[in-house]
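As a plain string of letters, each chain reads:
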Amino acid sequence: MKTITIKGLEIGLGAPKIIVPVVGKTEAELLDEIKFLQSIDFDVLEWRVDHFTQVDDINAVKQVAKQIRELLPNKPILFTFRTANEGGVKPWPLASYIELNKQMVHSGLIDLIDVEVFIGDEYVKEMIHVAHKHNVFVVASNHDFDKTPPKSDIIYRLRKMQDLGADIPKIAVMPKTTDDVLTLLAATTEMNENYAEKPIITMSMAGLGAISRVSGITFGSSMTFGAAKNASAPGQLDVKELRYILDVLYRSKA
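Residues numbered from 1 in each chain as written. Predicted model: local features only at pLDDT ≥ 70, side-chain atom pairs only at ≥ 80, totals over all residues. Heavy atoms only, no water.

Another point: the overall build of the protein. When you go through the protein residue by residue, the secondary structure sums to 9 helices and 11 strands. For 254 residues, the compact-globule estimate of 2.2 N^0.38 gives 18 Å, and the protein sits close to it at 17 Å. With the C-alpha coordinates of the protein rotated into their principal frame, the extents come out at 45 × 40 × 35 Å. Per-residue burial over the protein gives 55% buried out of 254 residues. By sequence separation, contacts in the protein at least 24 residues apart represent 73% of the contacts at least 6 residues apart. Carbon and sulfur atoms form 50% of the exposed surface of the protein, whose accessible area is close to 10800 Å². Distance between charge centres in the protein, computed from 29 positive and 33 negative side chains, equals 2 Å. (Helix = DSSP H or I, 4+ residues; strand = E, 2+ residues; numbered from the N terminus. Rg over C-alpha atoms; globule rule 2.2 N^0.38 Å. Buried < 20%, exposed > 50% of the residue type's maximum accessible area, 1.4 Å probe, protein only. Contact = heavy atoms within 4.5 Å. Areas by Shrake-Rupley, 256 points an atom, 1.4 Å probe, with all protein chains shown as cover. Lys, Arg positive; Asp, Glu negative; His and termini not counted. Charge placed at Lys NZ, Arg CZ, Asp CG, Glu CD.)

Here we come to the UniProt feature "binding site: 3-dehydroquinate" (unreviewed entry) in the protein. Under the UniProt annotation, "binding site: 3-dehydroquinate" (unreviewed entry) lies at Glu-46, Trp-47, Arg-48, Arg-82, Arg-213, Ser-232 and Gln-236. Examined against the element boundaries, Arg-48 turns out to sit in strand 4 (residues 44-48). Tracing the backbone shows Gln-236 in the loop between strand 10 (223-227) and strand 11 (237-238). Residue Gln-236 is classed as buried on the basis of its relative accessible area of 12%. (UniProt positions renumbered as here; feature names shortened; annotations may be inferred.)

A word on the pattern of salt bridges. Counted by the stated rule, this structure contains 14 salt bridges. Across the pair Arg-157 and Asp-153 runs a salt bridge whose closest N-O atoms are separated by 2.9 Å. Placement of both Arg-157 and Asp-153 in helix 5 (residues 151-163) is noted, with a separation of 4 residues, approximately one turn of the helix. Each member of the salt-bridge network shares a partner with another, and the members are Lys-7, Arg-69 and Asp-111. (Salt bridge = Lys/Arg side-chain N within 4 Å of Asp/Glu carboxyl O.)

Mapped onto the fold, His-143 is located in strand 7 (residues 137-144). Residue His-143 is classed as buried on the basis of its relative accessible area of 10%. Polar side-chain contacts of His-143 include one of 3.4 Å to the side chain of Arg-82. Once you skip the residues sitting within four places of it in the chain, His-143 turns out to touch Arg-82, Glu-86, Lys-170 and Ala-172. (Polar contact = N/O pair within 3.5 Å; in protein donor to acceptor, adjacent residues only side chain to side chain.)

Taken together, the side chains of Tyr-244, Ile-245 and Leu-249 present a nonpolar region at the surface, about 280 Å² in accessible area. Inspection of the secondary structure puts Ile-245 in helix 9 (residues 239-253). (Patch = residues over 30% accessible without salt bridge, like charges linked within 9 Å, V, L, I, M, F, W, Y side chains within 5 Å.)

Residues annotated by UniProt as "active site" (unreviewed entry) correspond here to His-143 and Lys-170. Separation in sequence by 28 residues is not matched in space for these annotated residues, since their most distant C-alpha atoms are only 8.5 Å apart. For Lys-170, the location among the structural elements is in strand 8 (residues 168-173). Classification of Lys-170 as buried rests on a relative accessible area of 5%.

Compared with an ideal rise of 1.5 Å per residue, which puts 13 residues at 18 Å, helix 5 spans 18 Å between its outermost C-alpha atoms and is within 8% of the ideal. Listing the buried residues of helix 5 in full gives Ile-154, Ile-155, Arg-157, Leu-158, Lys-160, Met-161 and Gln-162. Along its buried surface, helix 5 packs onto helix 4 (121-133), strand 7, strand 8, helix 6 (178-194) and strand 9 (201-204). Positioned one or two residues after helix 5, Gly-165 has a phi angle of 105°, which is positive. (Expected span 1.5 Å × (residues − 1).)

Okay, unusual backbone geometry next. Where the residue is not glycine, phi is negative for most of them; where a peptide bond is considered, it is trans in most cases. Although it is not a glycine, Lys-7 adopts a positive phi angle of roughly 50°. Along the chain, the position of Lys-7 falls in the loop between strand 1 (4-6) and strand 2 (9-11).

And the structure:
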């Protein structure tokens, strides 16, 4: 598996890296979250821009992105508009989704974008091409808030993301039973050992799946999400506790 280095952060090497989302609805709320994070130990900032009430104003989006960059100059920034179909807070036309991401890729203010893999293969390929042309990395993603698909289906989705050219394939699924959590972990291991050419992110959501958020060093998920002020998905652990657990597990494995 190849690693990916962004702003000196080598993803896919060592303990899983921690992504912290910010979900403020207003500029003031977002900047308050960012300032709070200046004293927190984490690796990547995710701006969940679908929560931002002015998301339809590209100038307002860029203005906030510029301030985030200035406040956290050394942290990679992942720009994510999560659609309502995959757990986001705002219905959004596909054309607007694509245009927003392209505008931000061109802005030079972000390091990674999230692209939902099932918006259509040609759209995904186009967005990945544009992102790479501007030296922006792509996290291809899929979220199933209703169930945990079979292991073969999870692996298929991750391989599809990889085949389309994404830099980091990501999948999040919802467990109903402990067997569902085991299915996600088994799929992660098989993908990581047999097919992965790039770092992958996998997780089983909610409290039942919390083990998947800390066990990446064993099963092969290279990144995980931790909550600082606000969580963006069910089951996210406090970032400080998450760092401690990841460090302990990494030292134990070493």
